[in-house]
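# Fold and geometry: a report
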Amino acid sequence: MISRGVFWNLYGGAVYFMIARARPYQRMSADVVDRLALDGHMRLLDAGCGPGYHALTASRSKYEGLSITGIDFSERMLELARRNCVNATNIELCNVDLCEPLPFPDRYFDRVLIVNALYSLPDASTVLKEFHRILISDGRLVIADPKPGARVAAVFASHIREVPLDILLMPFVLPLVALFNAVILSKRKKAEYHFRSESEHRDLLSESGFVDISIVSTYADQDWLISARKPESGIEGPCP
Ligand SMILES: C[S@@+](CC[C@H](N)C(=O)[O-])C[C@H]1O[C@@H](n2cnc3c(N)ncnc32)[C@H](O)[C@@H]1O
């Protein structure tokens with residue numbers, strides 16, 4: 001049995017070359033940053049940042065004064081992120097375990113994003129409450145997370161339709177991706193990983209204090225793209 005950290009270290013080294021190349025991944029990254037509705041002088045947290053591609057997409061946006069913190073508990077992922085983000089002076093990367101209380105003060109970030117990581121966390125509800133705590137009032141959370149039945153093969157099939165020549169890479173890439181995907185699916189079957197329905201996401205976010213929850217499809221229809229807002233006063237709802 002490999003530990004959670006070791007699994008993600010291996011995943012980072014072996015799989016990301018192809019995932020980051022896939023057009024649906026690049027589009028999802030752009031969609032996530034679009035949904036963040038960034039503005040100048042904001043603080044953005046990329047939680048479970050992996051190799052840092054979404055932090056990088058955000059840093060390439062035109063917003064001056066945007067400062068980005070990427071956190072992950074896999075040293076291998078952070079190594080890749082440091083390499084990928086070497087020229088981005090507004091990105092800071094730190095080793096943080098999302099299963100522990102987050103080392104940031106209340107109302108510190110304007111925006112939080114988490115892509116393809118929430119499903120793997122044993123207690124998503126506590127993590128979402130931590131995001132709520134560290135967000136400013138009116139701050140925004142953007143999540144991308146696998147739909148029930150999500151298949152990475154569908155992402156690559158969609159990519160090959162757009163870039164047919166990349167089929168030549170598949171004999172090298174697909175066995176590795178299939179292997180890691182099999183581990184993810186078996187963890188899902190054992191209920192260690194949770195591929196949630198739209199209504200499960202809505203319930204989790206409402207219970208954690210978020211409002212204005214919007215959910216659409218992304219990543220070649222394999223992921224939900226979710227945005228939610230922390231209400232102005234922390235509590236916002238119909239008048240009593
Ligand atoms: C599938 S990768 C996604 C990476 C990145 N967000 C992306 O979309 O490219 C999942 C990431 O979540 C990280 N992760 C999983 N559990 C974590 C935890 N408890 N604390 C911090 N990071 C975690 C893994 O190390 C990995 O980098």
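The preceding data block contains the structure.
Residues numbered from 1 in each chain as written. Predicted model: local features only at pLDDT ≥ 70, side-chain atom pairs only at ≥ 80, totals over all residues.

## Section: unusual backbone geometry
At Asp212, a residue that is not glycine, the phi angle is positive and equals roughly 50°. Locating Asp212 in the fold gives a position in strand β6 (residues 211-218). Note on Asp212: 13 C-beta atoms within 10 Å, which makes it partly exposed. Notably, Ala220 is not glycine yet its phi reads approximately 50°, a positive angle. Along the chain, Ala220 falls in the loop between β6 and β7 (223-229). Owing to 23 C-beta atoms within 10 Å, Ala220 belongs among the buried residues under this scheme. (Helix = DSSP H or I, 4+ residues; strand = E, 2+ residues; numbered from the N terminus. Buried ≥ 20, exposed ≤ 12 C-beta atoms within 10 Å, placed from the backbone.)

## Quick look at the environment of Asn9
Position of Asn9 relative to the elements: it lies in helix α1 (residues 4-19). By C-beta crowding, Asn9 is classed as partly exposed, having 19 other C-beta atoms within 10 Å. If we ignore the near neighbours within four places in the chain, the residues touching Asn9 are Ser74, Glu75 and Arg76. (Contact = placed C-beta atoms within 7 Å.)

## Structural notes on helix α6 (residues 152-162)
Residues spaced three or four apart along an α-helix face the same direction, because each turn holds 3.6 residues. Within α6 the residues assigned to the buried category are Val152, Val155, Phe156 and His159. Seen end-on, α6 carries its buried residues on one side only, within an arc spanning 90°. For α6, exposure combined with an orientation more than 90 degrees from the buried face picks out Ala157 and Arg161. Next to the buried residues of α6 lie α2 (23-36) and α7 (170-189). (Arc of directions from axis to C-beta.)

## Some details on α2
The end-to-end C-alpha distance of α2, which contains 14 residues, comes to 20 Å, matching closely the 20 Å that a straight helix rising 1.5 Å per residue would cover. Turning to α2, its buried residues number three or more, namely Pro24, Tyr25, Met28, Ser29, Val32, Val33, Arg35 and Leu36. Phi for Ala37, located one or two positions after α2, is positive at around 50°. (Expected span 1.5 Å × (residues − 1).)

## Considerations on the site of the ligand
Taken together, 18 residues lie near the ligand, and Trp8, Gly48, Gly50, Ser74 and Ala117 sit nearest. Broken down by class, the residue content of the shell around the ligand amounts to ten nonpolar, five polar and three charged. (Near = placed C-beta within 6 Å. Nonpolar A, V, L, I, M, F, W, Y, C, P; charged D, E, K, R; others polar.)

## Concerning the sheet that holds strand β4 (residues 109-115)
Sheet strands pair by backbone hydrogen bonding; their relative direction is either parallel or antiparallel. In space, the seven strands of this open sheet follow the order β3-β2-β1-β4-β5-β7-β6, with mixed pairing throughout. Both outer strands of the open sheet, β3 (91-95) and β6, are each paired with one neighbouring strand and no more. Neighbour-to-neighbour, the strand axes of the sheet open up by a mean angle of 15°, direction not taken into account. In this structure, strand β2 (residues 67-72) lies alongside β3, joined through five bridges in parallel fashion. Bridge pairing links Ile68 to Ile91 in β3. (Pairing = 2+ DSSP bridges. Axes fitted to C-alpha atoms, helices over the stretch in contact; angles between N-to-C directions.)

## With respect to the nonpolar core
Residues Val32 and Val112 are the most contacted members of the largest nonpolar core, which totals 62 residues. If we ignore the near neighbours within four places in the chain, the residues touching Val112 are Leu45, Ala47, Phe131, Leu135 and Leu141. (Core = buried A, V, L, I, M, F, W, Y, C linked by C-beta atoms within 7 Å.)

## Re the packing of α2 against α6
At a minimum axis distance of 7 Å, the contact between α2 and α6 shows a crossing angle of 100°. If you check the angle between α2 and α6, you find them roughly perpendicular. Listed contacts from α6 to Arg23, Pro24 and Tyr25 of α2 are Val155, Ser158, His159 and Glu162. Residues that form the contact of α2 with α6 fall into these classes: three nonpolar, two polar and two charged. (Parallel < 35°, antiparallel > 145°, perpendicular 65-115°, else oblique.)

## Regarding the pairing of β6
Summarising the sheet, β6 and β7 pair through six bridges and their orientation is antiparallel. Its bridge partner being in β7, Val216 is matched across the sheet by Leu225.

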